[in-house]
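# Structure assessment
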Amino acid sequence: MRPFYHPQCEDISLVGLLYALGDPVRLQIVHKLAENGELTCSDLDCAVAKSTMSHHFKILRESGLVSTRKEGTQHINTLRIEEIDRLYPGLLAVVLRVRVTSK
């Protein structure tokens, strides 16, 4: 299996972050990670297919919002709060105040 791609801090763009946050499922994932710290993919019950969840996590990782590491057969996901706050102070605080609603 290939290693996960995680952009360096200098490669994280506001446009990419806002795109990733623009989907209700991804926004729900970000909220759950903020509340719980680290979670596996199976810990996140978002009522979507496994392949769809994989797609959402790929977008979250490639935007720079989420870091994923492999432990055994599990993928452990963490919100990159410190890096995002350093680049765009207050962005995640505002996003996390918004209630997640479905489409």
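As the structure is a prediction and not an experimental result, all values here were calculated from the model.

### Considering the sheet that holds strand S3 (residues 74–79)
- Strand order across the open sheet formed by 3 strands is S1-S3-S2, with antiparallel pairing between neighbours. Whereas interior strands pair on both sides, the edge strands pair on one side only; in this sheet they are strand S1 (39–40) and strand S2 (66–71).
- In this structure, S2 lies alongside S3, joined through 6 bridges in antiparallel fashion. Pairing of Thr-68 across the sheet is with Asn-77, part of S3.
- Across the face of the sheet, helix H2 (residues 24–36) comes into contact with S1, S2 and S3 while running at roughly 85° to S3.

### Brief notes about the packing of aromatic side chains
- Counted according to the given criterion, the structure contains 0 aromatic pairs.
- The ring of Tyr-19 carries the charged tip of Arg-26 above its face, separated from the ring centre by 5.3 Å.

### Some words on the packing of H2 against helix H3 (residues 50–63)
- Interhelical geometry of H2 versus H3 gives an angle of 70° and a closest axis separation of 10 Å. When the interaxial angle is binned, H2 and H3 end up roughly perpendicular. Packed against H2, whose contacting residues are Val-25, Arg-26, Ile-29 and Val-30, the element H3 presents Met-53, His-56, Phe-57, Ile-59 and Leu-60 at the interface.
- In terms of residue class, the contact of H2 with H3 is made up of 7 nonpolar, 1 polar and 1 charged.

### Section: the environment of Lys-70
- With respect to the secondary-structure elements, Lys-70 resides in strand S2.
- Expressed as a C-alpha distance, the spacing of Lys-70 and Val-25, which sit 45 residues apart in the sequence, is 22 Å.

### Here's the deal with helix H1 (residues 14–21)
- Along H1, the residues classified as buried are Leu-17, Ala-20 and Leu-21. Taken around the axis of H1, the buried residues stretch over an arc of 95°, which confines them to a single face. Along H1, exposed side chains directed more than 90 degrees from the buried face belong to Val-15 and Tyr-19.
- Where H1 is buried, its residues touch H2, H3, helix H4 (81–87) and helix H5 (91–97).

The rules we used
- Residues numbered from 1 in each chain as written.
- Predicted model: local features only at pLDDT ≥ 70, side-chain atom pairs only at ≥ 80, totals over all residues.
- Heavy atoms only, no water.
- Pairing = 2+ DSSP bridges.
- Helix = DSSP H or I, 4+ residues; strand = E, 2+ residues; numbered from the N terminus.
- Contact = heavy atoms within 4.5 Å.
- Axes fitted to C-alpha atoms, helices over the stretch in contact; angles between N-to-C directions.
- Phe/Tyr/Trp six-rings, centres within 6.5 Å; stacked < 30°, edge-to-face > 60°.
- Lys NZ or Arg CZ within 6 Å of the ring centre and 35° of its normal.
- Parallel < 35°, antiparallel > 145°, perpendicular 65-115°, else oblique.
- Nonpolar A, V, L, I, M, F, W, Y, C, P; charged D, E, K, R; others polar.
- Buried < 20%, exposed > 50% of the residue type's maximum accessible area, 1.4 Å probe, protein only.
- Arc of directions from axis to C-beta.

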